[in-house]
Amino acid sequence: MRKVCKFITDYMSLIVLVAAASAFFFPKALSFIETSFITPLLGIIMFGMGLTINLSDLKTTFGLQDVKAFGKFNIKVPCRNIIIGTVAQFLIMPLLAWFLVKIFSLPPELAVGVILVGCCPGGTSSNVITYLAGGDLTLSVGMTTVNTLLAPLLTPILVWLFAGTLIEIDFWGMFLSIAQIILLPIALGMVFQRFFPDTTLKIKDYLPAISTIAITAIVIAVVAANASALATSGLIIIAVVLLHNTLGYALGYVTGKLFRLGRPQCIAMSVEIGMQNSGLACSMAAIHFATMPLATVPGAIFSVWHNISGALYARILNIHISVAQYSKKN
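Because the structure is predicted, anything quoted here is derived from the model rather than measured.

**Q** Looking at this model, I keep getting lost on the overall build of the protein chain. Mind explaining?
**A** Assigned secondary structure in the protein chain consists of 15 helices and two strands. Looking at the protein chain as a whole, 52% of its 330 residues qualify as buried. Within the protein chain, residue pairs in contact and separated by at least 24 positions form 82% of the contacts whose partners lie at least 6 positions apart. Put simply, the protein chain shows about 16000 Å² of open surface, and 70% of that area lies on carbon and sulfur atoms.

Dropping the structure here:
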């Protein structure tokens, strides 16, 4: 079973791509995976994330440090890199989404979907890609955790700011939905880990594969439900998603450089910012913009593409490191 799970994890990009293509060309055959499944599937992914977090590790994950307040009192604050990464995450991707929507003059349905993707926290697969790319894994995990926990508040605010002129935004409804989809499953996962540590240890090896299967099912559900619409508007939205993701990588890396971070930290920031929790975007679109079915499409395409681009990005970075090491030796 472990070998099967490793295979699923190693070939995640290919599996998601094949699933998306199958759903596009054979939507009726795969229509049994409905869009109503997106929320519980995302809950499974978040529950798995909760299983990897425990209270004793939160200090390390958040990078908490002692700082003198008013010269007298020690207070705990997140480390500088976590703060930089979190601010960059919720500035760069929403702004990129808004600019791309304007530049390409996207219709409201697609525009809302792109903005939703941009306003979501970093994707869970970013930690794996950061590791493969030789980035700072601790920073990546810290950013994912902090951004995910802030999402119930920041994502609705940002969607309201950037998409409020396109459609009426139910701020509190979105806040409660994200809290239920993200915070509740994470909390349940942490509680399960606390009371069943032995069982948690046994299933941890299977979590990446379970997340991959859940993400694949989300992609199938959205692509199958919107196959005909994708056929007519596919090229433009693919171009937007490609630019959104690639520019996110580039600006994330540049942000790290501007703050004089080391190469591993720049890689972590680049990957974390470029890869979004597009499954959450799909879920929010299906729940809160049900009258705009195309709003789920950007999230689905992003889910396919960022896993492929992430794997390629990690490969390119590794080649660059190998060349640099060879040059030093010779």
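**Q** Looking at this model, I keep getting lost on the side chain of Gln89. Mind explaining?
**A** Tracing the backbone shows Gln89 in helix α5 (residues 80-103). The exposure class of Gln89 is buried, given its relative accessible area of 0%. Once you skip the residues sitting within four places of it in the chain, Gln89 turns out to touch Pro94, Cys120, Pro121, Gly122, Met143, Asn147, Glu272, Ile273 and Gln276.

**Q** Looking at this structure, I do not really get the packing of helix α3 (residues 38-51) against helix α11 (residues 207-225). What am I missing?
**A** Helix packing for two helices is described by the angle between their axes and how far apart those axes are. Closest axis-to-axis distance for the α3/α11 pair is 9 Å, and the angle between their directions is 160°. With respect to α11, the element α3 is oriented roughly antiparallel. Like other packed secondary-structure pairs, α3 and α11 cross with a definite hand, here left-handed. Here Ile38, Leu41, Leu42, Ile44, Ile45, Gly48 and Leu51 of α3 lie close against α11, whose contacting residues are Leu207, Ile210, Ser211, Ala214, Ile215, Ala217, Ile218 and Val222.

**Q** What am I meant to see in α11 here?
**A** An α-helix turns once every 3.6 residues. As a result, residues three or four positions apart point the same way. Along its 19 residues, α11 runs 27 Å from first to last C-alpha, staying within 8% of the 27 Å computed at 1.5 Å per residue. The buried fraction of α11 is high, at 15 of 19 residues.

**Q** Explanation requested: the environment of Gly113 in the structure shown.
**A** By secondary structure assignment, the location of Gly113 is in helix α6 (residues 108-119). Along the sequence, Gly113 and Pro298 sit 185 residues apart, while their C-alpha atoms lie 5.4 Å from each other. Beyond its immediate sequence surroundings of up to four residues, Gly113 is in contact with Ala295 and Pro298.

**Q** Looking at this structure, how should I read the packing of aromatic side chains?
**A** Geometrically, a pair of aromatic rings is defined through the distance of the ring centres and the angle of the planes. Enumeration over the complete set of coordinates arrives at seven aromatic pairs. Between Trp98 and Phe99, the ring centres sit 5.2 Å apart and the planes meet at 70°, which makes this aromatic pair edge-to-face. Considering the side-chain rings of Phe171 and Trp172, the 5.0 Å spacing of their centres and the 85° angle between planes classify their relative orientation as edge-to-face. Ring pairing ties together the aromatic residues Phe47, Phe192 and Phe196, which thus form one cluster. Its guanidinium or amino end placed over the ring of Phe195, Arg194 lies 5.6 Å from that ring's centre, counting from NZ or CZ.

**Q** What is the right way to read the nonpolar core from this model?
**A** Across soluble globular proteins, you tend to see nonpolar side chains buried next to one another. Counting residues in hydrophobic clusters, the biggest one holds 94 residues, and the most contacted among them are Leu106, Leu116, Ile182, Ile237, Leu280 and Phe289. Here Phe289 is in contact with Val112, Leu116, Ile167, Glu168, Ile169, Met174, Met284 and Ala295, once residues within four sequence places are set aside.

**Q** Explain unusual backbone geometry here, please?
**A** Most peptide bonds adopt trans geometry, and most residues besides glycine take a negative phi value. One non-glycine residue, Ser105, lies in positive phi territory at about 50°. With respect to the secondary-structure elements, Ser105 resides in the loop between α5 and α6.

**Q** Where do I start with the packing of helix α8 (residues 137-163) against helix α13 (residues 263-274) in this structure?
**A** Where α8 contacts α13, the axes come no closer than 9 Å and their chain directions differ by 35°. Two packed elements cross with a definite hand, and for α8 against α13 that hand is right-handed. On the side of α8, the interface is formed by Leu139, Ser140, Met143, Thr144 and Asn147, while α13 contributes Gln265, Ala268, Met269, Glu272 and Ile273.

**Q** Sorry, what's going on with the state of the cysteines here?
**A** Each disulfide is one covalent bond, formed between the sulfur atoms of two cysteines. Enumeration over the complete set of coordinates arrives at zero disulfides. For the unlinked cysteine Cys119, the closest cysteine sulfur is that of Cys120, found at 7.3 Å.

**Q** Where do I start with a nonpolar patch on the surface in this structure?
**A** There is a patch of nonpolar side chains on the surface, built from Ile83, Val87, Leu91, Leu95, Phe99 and Ile103 and spanning about 550 Å² of accessible area. When you line up the elements, Ile103 lands in helix α5.

**Q** How should I be thinking about the environment of Pro185 in this particular structure?
**A** Relative to the helices and strands, Pro185 is located in helix α9 (residues 171-195). With 145 residues separating them along the chain, Pro185 and Pro40 place their C-alpha atoms 9.7 Å apart. If sequence neighbours within four positions are ignored, Pro185 has contacts with Gly43, Met46, Phe47 and Gln180.

About the cut-offs
Residues numbered from 1 in each chain as written. Predicted model: local features only at pLDDT ≥ 70, side-chain atom pairs only at ≥ 80, totals over all residues. Heavy atoms only, no water. Helix = DSSP H or I, 4+ residues; strand = E, 2+ residues; numbered from the N terminus. Buried < 20%, exposed > 50% of the residue type's maximum accessible area, 1.4 Å probe, protein only. Contact = heavy atoms within 4.5 Å. Areas by Shrake-Rupley, 256 points an atom, 1.4 Å probe, with all protein chains shown as cover. Axes fitted to C-alpha atoms, helices over the stretch in contact; angles between N-to-C directions. Parallel < 35°, antiparallel > 145°, perpendicular 65-115°, else oblique. Left-handed = near helix turned anticlockwise from the far one by under 90°. Expected span 1.5 Å × (residues − 1). Phe/Tyr/Trp six-rings, centres within 6.5 Å; stacked < 30°, edge-to-face > 60°. Lys NZ or Arg CZ within 6 Å of the ring centre and 35° of its normal. Core = buried A, V, L, I, M, F, W, Y, C linked by side-chain atoms within 4.5 Å. Disulfide = S-S within 2.5 Å. Patch = residues over 30% accessible without salt bridge, like charges linked within 9 Å, V, L, I, M, F, W, Y side chains within 5 Å. Salt bridge = Lys/Arg side-chain N within 4 Å of Asp/Glu carboxyl O.

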